[in-house]
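# Secondary and tertiary structure notes
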Amino acid sequence: MYLVLFAMCAAGRLARPTDEFTYGESWLLDGARQVASGAGLYAPADRVPLMHIAYTPLYYVVVGALSYVVGDHGYTVGRAVSLVATLVGAAALAWSVKRLTCRWPVAALGAGLFLTQNLTTLLWAPLHRVDPLALGFTLVGLALATTGRVSLAAGMFLLALATKQTFLVAPIAVACALWPCRARLARFAAILAGGSVVGIGIAQWLTGGWFLWHTVTANSNEPDLDTFATLMGSFMQFNGLPILAALVSLFVLPVRPGERVWRLYFVGCLLTLPMIAKVGASSNYWLELTAATSVLLALASHRLAAWPASRLVAPTAIAGSLLIAVPAYQATAVQAAENLIEASRPAGPHYLSLVADRGAAPYRVDTAFIADIAREPGDLLTDNSGLAVAAGKRIAYEFQIFQLLNVEGYWSDRPILDAVAARRFSLVAVMHPLEGPAQGTRWTATLRDALTAAYEPAGTRAGFWLYRPRTD
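Note that this is a predicted model, so its numbers are computed, not measured.

## As for the overall build of the protein chain
Looking only at helices and strands, the protein chain has 21 helices and 6 strands in total. Its C-alpha atoms give the protein chain a radius of gyration of 24 Å, within 12% of the compact-globule value 23 Å for 472 residues. Reported as C-alpha extents along the three principal axes, the dimensions of the protein chain are approximately 85 × 50 × 45 Å. Burial analysis of the protein chain (472 residues in total) assigns 52% to the buried set. Within the protein chain, counting contacts between residues at least 6 apart in sequence, those at least 24 apart form 73% of the total. As displayed, the protein chain offers around 19900 Å² of accessible surface, 66% of which is attributable to carbon and sulfur atoms. Here the protein chain contributes 34 positively and 28 negatively charged side chains, and the mean placements of these two sets differ by 15 Å.

Rendered as structure tokens:
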């Protein structure tokens, strides 16, 4: 049932190429389009357009290159890349479990748990995000490491780091597992460290020194206890039982050859869980832990099945974790069904779903309004980056992330204030009226005042307040 839901969720998202389902998909599509057009990434943050490229470049390059070959199909190309990467990662996970247990049913159990476990991979696999591709490379690397092919594993981990810079747990786990074999450890570390240093050096040179600002400095968000409490509550509700079962298996079951890497990977992922306290964190921080948990539960099931007195322990834990998540799966099933129904209508949908800035409900925008925005001459300034991307426009300024960077002292808002004062944008479209309070919006009071001084109201449409340059 859960695998059917996985397929429904993926099909529903692939069938709606212009809808943004989670915050940040539009950022990556904007970057991929720059690659497809031959422009570079990691532009200077002291001039418009101001767009934060939060991750290392491989996903942008892959999606951009494919879009250049097959054409721009909105989010579909990137979502297809993520989905294929997830399935490849699941196959690598299953292959590793098969080699450790010599049983394909156990391998299939591990892969199935990975694809459906408690609203992590199920939701993230068909999204236009970097995480599934980075995780796919990581799982292939771990599978290679369990067979002793550490040099190839190091290459896979380099690709994962070139996709998302935070995927460090797996190479550290493999390095620990290689000890005390110093020769193999030295070769593994040389490939990984050497490749990383060369890659960073080239990226810094090509971007005029802005690569590390985008990927490191601008990602150093401050802790947020509200975010931590919300995500930890969800984590404990939907992932607590399988995590606990996997943790118990570490102490109850003795280590067998090849299993050490997966055990270290699980412990490392568990230790990095407090990172969800960072502003902007979401359930994508659980993806690696989901993969590690799935492998340990599959291995535990195989081992416990040989002991008559404990044969039912693993099936009970797995069934219990899936049953606990039924309400959340039900909500996902409803959304997936709605996406498929909407996409299958002969006339097509008359609106797009964009990510709102308040609450979980999507912003439903008339497609006629999107078409008018696309025909609008000049640059667009909007606090909903999905609107700009849907209309085929550049994201001129990503309001939320740069507001945060300004507050944290990593960036000055002078470039956007100067651009507004110069009336660079032919149209401003925001989700709240500038005449209202700035609190709770994606723009600051300073930016609001600048916009009010340089722009005048031009009506409302499709849930957006429109402003055009003053003529006086």
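Having put the structure on the table, let's press on.
## Let's talk about the packing of aromatic side chains
Counted by the stated rule, this structure contains 12 aromatic pairs. Consider the rings of W210 and W213, whose centres lie 5.5 Å apart with planes at 80°: the pair is edge-to-face. Through a chain of ring-to-ring contacts, three or more aromatic side chains come together here, namely Y397, F399, F402 and W411. Directly above the ring of Y285 sits K164, whose terminal nitrogen or CZ lies 5.6 Å from the centroid.

## Details of the pairing of strand β4 (residues 425-430)
Where burial is concerned, most of β4 is hidden: 6 out of the 6 residues are buried. Taken together, the 4 bridges between strand β3 (residues 379-382) and β4 define a ladder with parallel strand orientation. Looking at β4, one finds that L380 is bridged to L427. Sheet topology places β4 next to strand β6 (residues 464-469); 3 bridges connect them, and they run antiparallel. In the strand pairing of β6, A429 is matched with L466.

## Topic: the side chain of R442
Within the fold, R442 resides in the loop between β4 and α21 (445-454). Despite its burial, R442 pairs with no opposite charge; the closest candidate is D357, at 4.9 Å N-O. In this structure the side chain of R442 is engaged in a polar contact, spanning 3.4 Å, whose partner is the backbone oxygen of A356. For R442, the side chain forms a polar contact with the main-chain oxygen of D383, separated by 2.9 Å. Ignoring any residue separated from it by four or fewer positions in sequence, one finds R442 in contact with Y23, V355, A356, D357, D383, N384, F399, Q400, Q403 and M431.

## With respect to the pattern of salt bridges
Tallying each qualifying case throughout the model produces 13 salt bridges. Linking R16 and D19 is a salt bridge whose minimum nitrogen-to-oxygen distance equals 2.6 Å. The same class applies to R16 and to D19, which are both buried. R33 serves as the salt-bridge partner of D72, at 2.8 Å between the closest nitrogen and oxygen. Linking D72 in the loop between α3 (58-70) and α4 (76-101) with R33 in helix α2 (residues 25-36), this pair joins segments that are 39 residues apart in sequence. For D72, a relative accessible area of 46% translates into the label partly exposed. Here the salt bridges do not stand alone but share partners, grouping D372, R375 and R461 into one network.

## Considerations on α21
For α21, the complete set of buried residues consists of L447, R448, L451 and A454. Axial view of α21: buried residues confined to an arc of 140°, hence all on one face. Looking at the buried side of α21, the elements it contacts are β3, α19 (399-407), α20 (414-421), β4, β5 (455-461) and β6.

## Observations concerning the sheet that holds β5
With respect to topology, 4 strands assemble into an open sheet ordered β3-β4-β6-β5, the strand pairing being mixed. Strand pairing shows two members of the sheet lacking a second neighbour, β3 and β5, which therefore form its edges. Neighbour-to-neighbour, the strand axes of the sheet open up by a mean angle of 25°, direction not taken into account. Here α21 sits on the sheet in contact with β3, β4, β5 and β6, set at roughly 95° to β5.

## Some remarks on helix α17 (residues 367-375)
Taken as a whole, α17 has its buried residues at F369, I370 and I373. All buried residues of α17 fall inside an arc of 100° around its axis, so they share one side. Residue D366 occupies the N-cap position of α17, its side-chain oxygen lying 3.0 Å from the main-chain nitrogen of A368.

## Re the pairing of strand β2 (residues 363-366)
The side-chain alternation of β2 yields one buried face, formed by Y363 and V365, and one unburied face, formed by R364 and D366. With 4 bridges joining them, strand β1 (residues 351-354) and β2 adopt antiparallel strand pairing. Across the sheet, residue L354 finds its bridge partner in β2, namely Y363.

Definitions and limits used
- Residues numbered from 1 in each chain as written.
- Predicted model: local features only at pLDDT ≥ 70, side-chain atom pairs only at ≥ 80, totals over all residues.
- Heavy atoms only, no water.
- Helix = DSSP H or I, 4+ residues; strand = E, 2+ residues; numbered from the N terminus.
- Rg over C-alpha atoms; globule rule 2.2 N^0.38 Å.
- Buried < 20%, exposed > 50% of the residue type's maximum accessible area, 1.4 Å probe, protein only.
- Contact = heavy atoms within 4.5 Å.
- Areas by Shrake-Rupley, 256 points an atom, 1.4 Å probe, with all protein chains shown as cover.
- Lys, Arg positive; Asp, Glu negative; His and termini not counted.
- Charge placed at Lys NZ, Arg CZ, Asp CG, Glu CD.
- Phe/Tyr/Trp six-rings, centres within 6.5 Å; stacked < 30°, edge-to-face > 60°.
- Lys NZ or Arg CZ within 6 Å of the ring centre and 35° of its normal.
- Pairing = 2+ DSSP bridges.
- Salt bridge = Lys/Arg side-chain N within 4 Å of Asp/Glu carboxyl O.
- Polar contact = N/O pair within 3.5 Å; in protein donor to acceptor, adjacent residues only side chain to side chain.
- Arc of directions from axis to C-beta.
- Axes fitted to C-alpha atoms, helices over the stretch in contact; angles between N-to-C directions.

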